[in-house]
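One-letter residues, chain by chain:
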Amino acid sequence: MVTIPPSNSAQASRIKDLTGLAPEAFDDLLTHLSRFKNPRQSLRALLHHYKTGLAMKNVALLFGINDKTFSRQAKKMRQQLYDNFVPLNLGFEHLDNRDLTSSHNTLMADRFFLSDEQRARRAKITIWDGTYIRMQKSMNVAVQKMTFSGQKKTNLFKPMVCCFPDGYIYEVFTYHGGSVNDATIMRGVMNQNPSFNQVFKPGDMFIFDRGFRDVVAEMQRKGFHVHTPASSVAGEKPSWEKANRTRLVTKVRCVIEAINERIKNWKLLHHVLQNTVIGSKNQDLKIICALINKYGKRLVSDVDHQEMIANRILE
């Protein structure tokens, strides 16, 4: 059974190893839970499940909790964190002020993509990309067909992640099968999510990879500014304008690849998900993204040299 050492330094190290959070972050997260008999032990166990990807029954055994009791506690904790913690740290609604969203721009993104008029009205710069989380093969033929990815040759579902240039996750959309491409997911988010058109206005900036090419024209018709790496024609050497445009996009867009890696550092989302836990994947994913936002560091590189690097790239 897991025990916590009595000394402060050893205790802090042990809590970090078990939960992935520093002690002060763990204590802060604990304030979002209520009406548990032993909340510290239960929260440690749930975060250890997220961090290691161990099966619930193995985590219960490790922490000396009855597995059925832990299953009930985990369900209740997920719901409380999803209701109380996630809305404060993830989602379009929690940053509805353009002054707040513009604070997550970086100097490079600002220099590369924003005009003076866009800066004056606090235009948003967001970076979008789909990632994938593997899952067991389903015995349901319809689910098997929907989740099978011809590219990855396995069953998976594809969350769509939206973040700011400093790596702060704005929103994550789930429940997309492996057979759906990024452009189709983006079109669905844009046309079927009521809050999208309330949050994003003409003139806002979207940074994509080439997988979104089929939705670019539709977004431009709505007045959005879209930047993707330049496409090259087979056998044709790309012009220096295309190469420079690609360089600007790549320099800013690389942050979302790091964010996708951070998400999968929580091994629950790196391992193949068991079909028995698929029902809670939306809550688990959003809780983990909110944890990254609240307690993780922002991903801003070359802090002391951004101006110099931006000037060199723009020369």
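Structure report, in brief. Counting restarts for each chain, with residues numbered from 1 along the sequence as it is written. Totals for whole chains, interfaces and linings use every residue, but because this is a predicted model, local features are given only for residues with pLDDT of at least 70 and side-chain atom pairs only at 80 or more, for both listing and counting. No hydrogens and no water enter the side-chain calculation; it runs on all heavy atoms of the structure.

1. Some thoughts on the pairing of strand β4 (residues 154-157)
Bridge analysis of strand β2 (residues 133-134) against β4 gives 2 bridges, and the strand direction is antiparallel. Counterpart to I133 in the pairing with β4 is F157. At least two DSSP bridges between two strands are required for those strands to pair. For the purposes of this entry, the term helix denotes a DSSP run of H or I that reaches at least four residues, the term strand denotes a run of E that reaches at least two, and both are numbered from the N terminus. Inspection of the sheet shows strand β3 (residues 148-149) paired to β4 by 2 bridges, in the antiparallel sense. Residue pairing in the sheet places S149 in a bridge with T154 of β4. Hairpin geometry of β3 and β4 is characterised by an intervening segment of 4 residues between the two adjacent antiparallel strands and by a positive phi of about 60° at K153.

2. A few points about the sheet that holds β3
The sheet built from 3 strands is open, its strands ordered β2-β4-β3 with antiparallel pairing. Strand pairing shows two members of the sheet lacking a second neighbour, β2 and β3, which therefore form its edges.

3. Considerations on the side chain of H104
Within the secondary structure, H104 is located in the loop between α6 (98-102) and α7 (107-113). Any residue under 20% of the maximum accessible area for its type is buried, any over 50% is exposed, and the rest in between are partly exposed; the area is computed with a 1.4 Å probe on protein chains only. For H104, a relative accessible area of 12% gives the class buried. Here a polar contact is taken to be a pair of N or O atoms separated by no more than 3.5 Å, where protein atoms must pair a possible hydrogen donor with a possible acceptor and residues adjacent in sequence count only if both atoms sit in side chains. Among the polar contacts listed, one links the side chain of H104 to the side chain of D166, at a separation of 2.8 Å. Once residues lying within four places of it in the same chain are set aside, the contact partners of H104 are L95, F164, P165, D166, Y168 and R298. Contact criterion: two residues are considered in contact whenever any of their non-hydrogen atoms come within 4.5 Å of each other.

4. Here's the deal with unusual backbone geometry
A positive phi is found at R35, a non-glycine position, where the angle reads about 65°. Here R35 is to be found in the loop between α2 (23-30) and α3 (39-52). The class of R35 is exposed, set by a relative accessible area of 77%.

5. Some words on helix α13 (residues 240-265)
What a helix is expected to span follows from its residue count: subtract one and scale by 1.5 Å. Compared with an ideal rise of 1.5 Å per residue, which puts 26 residues at 38 Å, α13 spans 37 Å between its outermost C-alpha atoms and is within 8% of the ideal. Bend is computed residue by residue as the angle between axes fitted to the seven residues ending at the residue and the seven residues starting at it. Taking the largest bend as the criterion, α13 deviates by roughly 35°, centred on K251. Within α13 the residues assigned to the buried category are T246, L248, V249, V252, R253, V255, I256, I259, N260, I263 and K264.

6. Digging into empty space enclosed by the protein
Only protein atoms enter the 1 Å grid used here. Points where a 1.4 Å probe fits but cannot escape make up a cavity, open sets with protein on both sides within 12 Å along at least five of seven lines make up a pocket, and a residue lines them when an atom lies within 4 Å of a point. Grid points are joined across faces, edges and corners, and a volume is the space filled by probe spheres set on the points. Counted by the stated rule, this structure contains 1 cavity of 30 Å³ or more. Every residue along the wall of the largest cavity is listed here: L268, L269, L273, V277, S280, K281 and D284.

7. Brief notes about the packing of helix α10 (residues 182-192) against helix α12 (residues 213-221)
All axes are obtained by fitting lines to C-alpha atoms, using only the stretch in contact for helices, and the reported angles, taken between N-to-C directions, cover 0 to 180 degrees. Put simply, α10 and α12 touch, their axes get as near as 8 Å, and they point 30° apart. One element, α10, and the other, α12, form an angle in the roughly parallel class. At the point where α10 passes α12, the crossing takes the left-handed sense. Side by side, α10 and α12 meet where A183, M186, R187, M190 and N191 of the first sit next to D214, V215, E218 and M219 of the second. Classifying every residue of the contact of α10 with α12 by side-chain character gives 5 nonpolar, 1 polar and 3 charged. The cut-offs work like this: below 35 degrees is roughly parallel, past 145 is roughly antiparallel, 65 to 115 is roughly perpendicular, and the gaps in between are oblique. For any helix crossing, the convention is left-handed if the near helix is rotated counterclockwise from the far helix by under a right angle, and right-handed if that rotation is clockwise. Under the grouping applied here, Gly and all other residues not named as nonpolar or charged are polar, the nonpolar ones being Ala, Val, Leu, Ile, Met, Phe, Trp, Tyr, Cys and Pro and the charged ones Asp, Glu, Lys and Arg.

8. Concerning the sheet that holds strand β6 (residues 169-173)
One open sheet accounts for 5 strands, arranged β6-β5-β1-β7-β8; its pairing is mixed. On the outer flanks of this sheet lie β6 and β8 (225-227), each paired with one strand and no other. Geometrically, the sheet is characterised by an average inter-axis angle of 20° between neighbouring strands, direction not taken into account. Across the sheet, α10 lies against β1 (125-130), β5 (160-163), β6 and β7 (205-207), angled at about 130° from β1, the strand it touches most.

9. Examining the packing of aromatic side chains
Aromatic rings from Phe, Tyr and Trp, taking only the six-membered ring of Trp, are treated as a pair when their centres fall within 6.5 Å; an angle between ring planes under 30 degrees marks them as stacked, one over 60 as edge-to-face, and anything in between as tilted. If you walk through the whole model with that rule in mind, you get 18 aromatic pairs. When the centroid spacing of 5.5 Å and the interplanar angle of 90° are considered together, the rings of F92 and F200 count as edge-to-face. Of this pair, F92 sits in the loop between α5 (67-89) and α6 while F200 sits in the loop between α11 (196-199) and β7; the two residues are 108 residues apart in sequence, bridging distant segments of the chain. By relative accessible area, which is 2% here, F200 ends up buried. Among the aromatic residues, ring-to-ring pairing joins F92, W128, F164, Y170, F173, F196, F200, F206, F208, F212 and F224 into one connected group. For the cation-ring pair, K124 lies above F200, with the distance from its terminal atom to the ring centre recorded as 5.9 Å. Here, a charge over a ring means that NZ of Lys or CZ of Arg falls within 6 Å of the ring centre while also lying within 35 degrees of the ring normal. A cation over an aromatic ring shows up here: K264 above the ring of Y132, its NZ or CZ 3.6 Å from the ring centre.

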